[in-house]
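Topology and contacts: notes
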Amino acid sequence: MRRVYLDNNATTRMDPRVLEAMSPHFLQDFGNASSIHEFGQQAREAVETARQAVADLIGCLPKEIVFTSGGTESDNTAIRGIAAGHSGKGRHLITTTIEHPAVLRTMERLEEEGFQVTYLPVDRQGLIRLDDLRAAVREDTILISVMHANNETGAIQDLRAVGRLARKKGILFHSDAVQSAGKIPVDVNDLGVDLLTLSAHKIHGPKGVGALYIRHGVEMKSLLLGGSHERGRRGGTENVPGIVGLGKAAALARKGLADFDLRVRSLRDRLETGLLERIPQARINGSTLRRMPHTTNLSFRGVEGEALLISLDLQGIAVSTGAACSSGSLEPSHVLKAMGFQNRRVESALRLSLSRMTIEEEIATALDVLPSTVQRMRELSPLYRESRNRVQREGQRAHS
Ligand SMILES: Cc1ncc(COP(=O)(O)O)c(C=O)c1O
């Protein structure tokens, strides 16, 4: 059976060059990066080379990078670390309704602990409004956390504008850039962020490793205590192979940025346009102007997204409904709901996400299989048949 992988926002296939870079650090150069001896020094050098590569990807200093176990830990560390370190100044934080659960659940926990959180709404495009942010800022606001690109729709927030406002008001600014860094240019100074979350497995690196950028001089409390690793920011023996993998993935991603924008965008556009042409009553969810080049989120009226996902899986095509990507749950997407869509549209949504490893044949197969699958499922749906007949009757009446 042909296998088509269009769920790259959930995770990506590791680049063989990343595996090659990591591999000596399991059996041969296995030292602890904190050890004084030769084994340790080799490991330290590998970690610092990786730190430089990650810093180069986002335009910061190597000492501003802290390695973590992934995007989730970086988000938790950033938010909890700032909350704990700055609670003397204030106990109010601002975020958005469309964040990844790694941010949302952390914010909710802080609320249980006595902090106050404002969740900014988004418009139909999935974008926050600057006026809402301006209105939400208070004297006691200590952190603004706004994601860069959304994992379900690919919508890109105007971080530069948020950064300007945060700077003007003297508020620290964190962004979850798990879905953007390594795919589009991300420069921490240009965007004006103080903290930025990265994850390796979304850019063909290993799972379970990520990084948090912390601007030099930003004071915060550590989440993991236990040693002076990572300049005291994150205790625990460094995951040397993972960190080397992240470094290599970051270096490869940086080199491939232009190709990503050109080739992956063109494949995504071909897929999206083809599906819209072949499937009646299909609609794009979210901004098409401020959007990542590799993601499309579409609703197919009258079709249940989860059922479509399973049917496609049986035909060798891996996609996501977006909502299930992070939690494995069948809850309707909180992102599409926040964008103001009715349940029908939310429940019929499908997310297709590409990567630099996506090939033309995969797009061709998806264009071949998806339309007939949607049609078959619609034929089985009494609700869809009824609504189609109603639309036809209304059309006939309008013409007579
Ligand atoms: C936007 C966003 N933030 C955070 C995460 C969590 O990253 P990780 O899987 O590395 O913990 C993800 C992954 O799904 C994501 O898409």
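Residues numbered from 1 in each chain as written. Predicted model: local features only at pLDDT ≥ 70, side-chain atom pairs only at ≥ 80, totals over all residues.

Some words on the packing of helix α11 (residues 305–314) against helix α15 (residues 360–379)
Put simply, the test is: Between the N-to-C directions of two axes lies an angle of 0 to 180 degrees, each axis being a line fitted to C-alpha atoms and, for a helix, fitted only over the stretch in contact. Only DSSP runs of H or I with at least four residues qualify as helices, and only runs of E with at least two residues qualify as strands; both kinds are numbered from the N terminus onward. If an angle is under 35 degrees, it is roughly parallel; if it is over 145, roughly antiparallel; if it lies from 65 to 115, roughly perpendicular; otherwise it is oblique. If you view the pair so one helix is near and one far, a crossing is left-handed when the near helix is turned anticlockwise from the far one by less than a right angle, and right-handed when it is turned clockwise. In this description, a residue-residue contact is defined by the distance between C-beta atoms placed from the backbone, which must lie within 7 Å. Three classes are used, and their members are as follows: Ala, Val, Leu, Ile, Met, Phe, Trp, Tyr, Cys and Pro are nonpolar, Asp, Glu, Lys and Arg are charged, and the others, Gly among them, are polar.
Packing of α11 against α15 brings their axes to within 11 Å, and their N-to-C directions diverge by 130°. On the basis of the axis angle, α11 is oblique to α15. The two elements α11 and α15 cross, and the hand of that crossing is right-handed. Where α11 abuts α15, its residues A307, L308, S311 and L312 lie against V369, T373, V374 and M377. Looking at side-chain class alone, the contact of α11 with α15 contains six nonpolar, two polar and no charged residues.

A closer look at helix α16 (residues 382–399)
The line we're drawing: Helix span, as expected, comes to 1.5 Å for every residue beyond the first. Here a residue counts as buried when 20 or more other C-beta atoms sit within 10 Å of its C-beta, as exposed when there are 12 or fewer, and as partly exposed otherwise, the C-beta atoms being derived from the backbone.
Compared with the 26 Å implied by 1.5 Å per residue over 18 residues, the 26 Å span of α16 between its first and last C-alpha is a close match. Of all 18 residues making up α16, only zero are buried, and the element is barely covered by its neighbours.

Overview of the site of the ligand
This is how it is decided: Residue proximity rests on one test: whether the C-beta atom, placed from the backbone, lies within 6 Å of the molecule or strand.
Near the ligand lie 16 residues; those nearest to it are G70, G71, T72, N151 and S199. Within the residue set of the shell around the ligand, elements represented by two or more residues are α4 (71–86) and α12 (324–327). At three residues, the largest contribution of residues to the shell around the ligand is made by α4. Grouping the constituent residues of the shell around the ligand by class yields four nonpolar, 10 polar and two charged.

Remarks on the sheet that holds strand β12 (residues 349–353)
Rules: At least two bridges found by DSSP between two strands is the condition for calling them paired.
Ordered by their spatial adjacency, three strands build an open sheet running β9-β10-β12, and the pairing between neighbours is antiparallel. The open sheet has two edge strands, β9 (282–284) and β12, and neither has a second partner. Looking at each pair of strands side by side, their axes are set apart by 30° on average, direction ignored. Across three bridges, the pairing between β9 and strand β10 (residues 295–300) is antiparallel. When the bridges of β10 are listed, R283 appears paired with S299. Contacts between helix α10 (residues 257–278) and the sheet are confined to β9, β10 and β12, with β10 contributing the most and set at about 10° to the helix.

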